[in-house]
Amino acid sequence: MQTYLKNGYIVSMDQQDTVFDGGGVLVEDDRITAVGKVDPRLVKPDAEVIDLQGKYVLPGFVNTHVHTSQQISRGVGDDVDFICWLHDRMWPFESSMTEEDSYVSTLMTSLELIRSGVTSFAEPGGQFVSGMARGTAESGLRGKLAKSVMDCGDGLPEIWQRTMEQELEQQVVDLEKFHNTADGRVQVWFGLRTIFNNTDELCVRTKELADKYGVGIHMHVAEAKEEKEYTYARWGEGTVKHLERLGVLDKNLLAVHTVWLTDEELELFKNSLNFEYDYEYLTEEIVAQIKNICQRNGVEEPNIFTEFGSFTVGESGAVLYSIVNQKQQNDRENWYMIDSSFITTLPDTWGINQRYIMLAVNNWDKEYQRVLLGGLTCDSEDFYNSECHTSAIFLPK
């Protein structure tokens, strides 16, 4: 069975971020077989044809943190602080749910996700993975499901007062029964509810099991001010630092919320990603793109220097500027004015004080001097210099 979506605005999200105005999508059975300018010869006579009339088509969204068990509890915890919401509202409600409640709530969650364009989600922990798995399988969505796991802490309902071994054993049972079911759409991860309610031993054992089964861990991390106060009073450090010391902070940990972080903890997240890239391929792609741009604009190819550090992302690019003017601000500030704006072309320079590699593409044989770079706009934030950025900029005179 074929379905042909035609005359749409197709946001492909391919490596070149190609957009097709008036494009189409051809689906055959459960596979997308063509995107963009679809060859009419591929469309069978009996295909279902839907005229999108210019509507957008783009890949499904991914919701990385949604509580399927809390869909039917909306309004229960309004207008109270975090601890009251958790201990006095949500825990009594969730601990009273049955497996059937979990199933129904998951179906309701799925309806809302589908309506919002979400096709894949991660569930941080309900009590019945069986109910969530049934609802997810019927919805057609992809879900990574986890049990809400707690082996310590104040205020736990009696039905939730379990040992570490009981919690781990139940998760292994759920994983071995439901993981990769529904044609692989339903997957099971390990869960850690919060640092309030998880012993260090549970955290470590969970990490070991997640690595053994090749799955992830879903955990609420640095979610509230009360959590920060708790971890500093107990260990003299934040949740992220503590997880790092336990060996849990790794690329298979989905740490959600992460609001109350220090600069050091942000760096720990960066260092825990352990990305591995095909550097040869990336270099060849970068060089090819630069050569193509130079060829199209009739510009001589520059000598190209680049580097790959710990935090290099999978896509790289460059912005070319020309120096249109030079001015002396005072005895110390020598400004080069570019033919563009940093605010529009490199917005992270003023948004988050991001640093970039600045290289001259000509006049390399001239003497270099320390300079400040300014954009063409009158905005006071349209600059790039060593006040905001640690490294000074040196360019040819």
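None of the values given here were measured: they were computed from a predicted structure.

A separate point is the nonpolar core. Ranked by internal contacts, the top residues of the largest apolar core, which has 38 residues, are Phe 190, Met 219, Val 221, Leu 243 and Leu 253. In terms of residue count, the dominant contributor to this core is helix H4 (residues 164-178) (five residues). Dropping the residues within four chain positions of it, Phe 190 is found in contact with Ala 146, Gln 171, Val 172, Leu 175, Thr 206, Leu 209, Ala 210, Tyr 213, Val 215, Gly 216, Ile 217 and His 218. Among the nonpolar cores identified, the runner-up in size contains ten residues, and Ile 338, Val 371, Tyr 384 and Leu 395 belong to it.

Next up on the list: the sheet that holds strand E8 (residues 142-145). Taking strand neighbours across the sheet as the criterion, the four strands line up as E6-E7-E8-E9 in an open arrangement whose pairing is parallel. If you trace the sheet from one side to the other, it starts and ends with strand E6 (61-63) and strand E9 (186-188), each paired once. Pairwise comparison of adjacent strand axes, ignoring direction, gives a mean angle of 15 degrees for this sheet. Of the strand pairs in this sheet, E8 and E9 are connected by three bridges, and their pairing is parallel. Following the sheet pairing, Leu 145 is matched in E9 by Val 188.

Taking burial as the measure, the five residues of strand E14 (residues 334-338) include five buried ones, the bulk of the element. A two-sided burial pattern is seen for E14, the buried positions comprising Asn 334, Tyr 336 and Ile 338 on one face and Trp 335 and Met 337 on the other. In the sheet, strand E13 (residues 323-328) pairs with E14 via five bridges, with the strands oriented antiparallel. Residue pairing across strands places Ile 323 opposite Ile 338, the latter belonging to E14. Pairing between E14 and strand E15 (residues 368-374): three bridges, direction parallel. Each bridged residue has a counterpart across the sheet, and for Met 337 the counterpart in E15 is Gly 374.

Moving on, we come to helix H7 (residues 239-246). Because each turn of an α-helix spans 3.6 residues, side chains separated by three or four positions end up pointing in the same direction. All of the buried residues along H7 are Thr 239, Val 240, His 242 and Leu 243. The buried residues of H7 all sit within an arc of 160 degrees when viewed along its axis, so they share a single face. Packing partners of the buried residues in H7 comprise helix H5 (200-213), strand E11 (217-221), helix H6 (225-235), strand E12 (253-257) and helix H8 (263-271). Just downstream of H7, Gly 247 is the residue with a positive phi angle, here 85 degrees.

On to the environment of Ile 32. By the secondary structure assignment, Ile 32 is in strand E3 (residues 31-36). With residues up to four places along the chain from it excluded, the contact list for Ile 32 reads Val 25, Leu 26 and Val 27.

Here we take up the layout of surface pockets. Within this model, the second largest pocket holds a volume of roughly 700 Å³. Of all the secondary-structure elements, those providing two or more residues to the lining of the second largest pocket are strand E1 (2-11), strand E2 (19-28) and E3. Among the residues forming the lining of the second largest pocket, the class breakdown is eleven nonpolar, four polar and five charged.

Our next topic: the pattern of salt bridges. A complete count under the given rule lists 15 salt bridges for this structure. Across the salt bridge formed by Glu 100 and Arg 134, the nearest N and O atoms sit 3.0 Å from each other. Residue Glu 100 is found in helix H2 (residues 99-115), and its partner Arg 134 is found in helix H3 (residues 129-139); the two are separated by 34 residues along the sequence. Exposure remark for Glu 100: the relative accessible area of 43% places this residue in the partly exposed category. Take Arg 134: its relative accessible area is 33%, and that puts it in the partly exposed class. Here Lys 241 makes a salt bridge to Glu 244, at a shortest N to O gap of 4.0 Å. Note that Lys 241 and Glu 244 are positioned in helix H7 at a spacing of three residues, about one turn of the helix. Take Lys 241: its relative accessible area is 24%, and that puts it in the partly exposed class. You can call Glu 244 partly exposed: its relative accessible area is 33%. Among the ionic contacts, a cluster of salt bridges with common partners joins Lys 147, Arg 162 and Glu 167.

Okay, empty space enclosed by the protein next. A complete count under the given rule lists one cavity of 30 Å³ or more for this structure. Considering the residues around the largest cavity, the lining is formed by Ser 69, Glu 94, Met 97, Ser 102, Gln 127 and Phe 128. In terms of residue class, the lining of the largest cavity is made up of two nonpolar, three polar and one charged.

Attention now goes to the confidence of the model for the chain. On average, residues of the chain score 86 in pLDDT, and 89% of them are at 70 or above. Across the chain, the secondary-structure element scoring lowest on mean pLDDT is helix H11 (residues 348-351), at 64, and the one scoring highest is E8, at 98.

Attention now goes to unusual backbone geometry. With a phi angle near 55 degrees, Asn 7 is a residue other than glycine that sits in the positive phi range. Secondary-structure assignment places Asn 7 in strand E1. Under the relative-accessibility criterion, Asn 7 is labelled partly exposed at 36%. The residue Asp 17 is not glycine, and still its phi comes out positive at about 55 degrees. The topology assignment puts Asp 17 in the loop between E1 and E2. For Asp 17, a relative accessible area of 48% corresponds to the partly exposed category.

So, how was this worked out
Residues numbered from 1 in each chain as written. Predicted model: local features only at pLDDT ≥ 70, side-chain atom pairs only at ≥ 80, totals over all residues. Heavy atoms only, no water. Core = buried A, V, L, I, M, F, W, Y, C linked by side-chain atoms within 4.5 Å. Buried < 20%, exposed > 50% of the residue type's maximum accessible area, 1.4 Å probe, protein only. Helix = DSSP H or I, 4+ residues; strand = E, 2+ residues; numbered from the N terminus. Contact = heavy atoms within 4.5 Å. Pairing = 2+ DSSP bridges. Axes fitted to C-alpha atoms, helices over the stretch in contact; angles between N-to-C directions. Arc of directions from axis to C-beta. 1 Å grid on protein atoms, 1.4 Å probe; cavity = no way out; pocket = protein on both sides within 12 Å on 5 of 7 lines; lining within 4 Å. Points joined across faces, edges and corners; volume = space filled by probe spheres on them. Nonpolar A, V, L, I, M, F, W, Y, C, P; charged D, E, K, R; others polar. Salt bridge = Lys/Arg side-chain N within 4 Å of Asp/Glu carboxyl O. pLDDT = per-residue confidence, 0-100.

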